[in-house]
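Structural description and commentary
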Amino acid sequence: MTTTRRRPTTAVPINGPEIRRVRMARGIEVADLASRIQVSRAYLTKLELGHSPRASVSVHAALVRVLQPESHDAFRADRTPAETH
């Protein structure tokens, strides 16, 4: 009998509207942010619109590095409401 090993999840749930809100507040265009975090414009748009609800840990880290939100986990969709303030 063979067993299938699962790889650990290396993706985090993303709060796309929050990414968009912070990006726009910083005055950064979609194409510019996509270039700075080294993803395609289409992929970043999908994240912001919620069509891609998860992103790799490295993409999340790049978003935090470039957009500099108040909290390092600001763009995670799995935060509890108490953690948002």
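Throughout what follows, the structure given in this document is the object of discussion. (Residues numbered from 1 in each chain as written. Predicted model: local features only at pLDDT ≥ 70, side-chain atom pairs only at ≥ 80, totals over all residues. Heavy atoms only, no water.)

**Structural notes on the packing of helix α2 (residues 30–37) against helix α3 (residues 41–49)**
For clarity, the cut-off: Working convention: axes come from line fits to C-alpha atoms, limited for helices to the stretch in contact. Angles between N-to-C directions cover 0 to 180 degrees. A run of H or I in DSSP becomes a helix once it reaches four residues, and a run of E becomes a strand once it reaches two; helices and strands are each numbered from the N terminus. The scheme is simple: roughly parallel for angles under 35 degrees, roughly antiparallel for over 145, roughly perpendicular for 65 to 115, oblique for anything else. In this analysis, two residues are considered to be in contact whenever any of their non-hydrogen atoms come within 4.5 Å of each other. Residues were grouped as follows: Ala, Val, Leu, Ile, Met, Phe, Trp, Tyr, Cys and Pro as nonpolar; Asp, Glu, Lys and Arg as charged; and all remaining residues, including Gly, as polar.
Running from amino to carboxyl end, α2 crosses α3 at an angle of 105°, the nearest separation of the two axes being 8 Å. Viewed along their axes, α2 and α3 adopt a mutual orientation that is roughly perpendicular. Taking contact as the criterion, the partners of Val30, Ala31, Leu33, Ala34 and Ile37 in α2 are, on α3, Arg41, Leu44, Thr45 and Glu48. When its residues are assigned to classes, the contact of α2 with α3 shows six nonpolar, one polar and two charged.

**Regarding unusual backbone geometry**
Defined as follows: Throughout, exposure labels follow a simple rule: accessible area from a 1.4 Å probe, protein chains only, divided by the maximum for the residue type, with under 20% read as buried, over 50% as exposed, and the rest as partly exposed.
Of note, the phi angle at glutamine 38 is positive, near 60°, even though the residue is not glycine. Inspection of the secondary structure assignment puts glutamine 38 in the loop between α2 and α3. Here glutamine 38 falls in the exposed class, since its relative accessible area comes to 72%. Its identity as a non-glycine residue notwithstanding, glutamine 68 has a phi of 50°, on the positive side.

**Thoughts on the side chain of serine 52**
Positionally, serine 52 belongs in the loop between α3 and β2 (54–56). Using a relative accessible area of 16% as the deciding quantity, one classes serine 52 as buried. Those residues in contact with serine 52 that sit more than four places away from it in its chain are Tyr43, Lys46 and Leu47.

Purely spatial values, then, with no claim about function.
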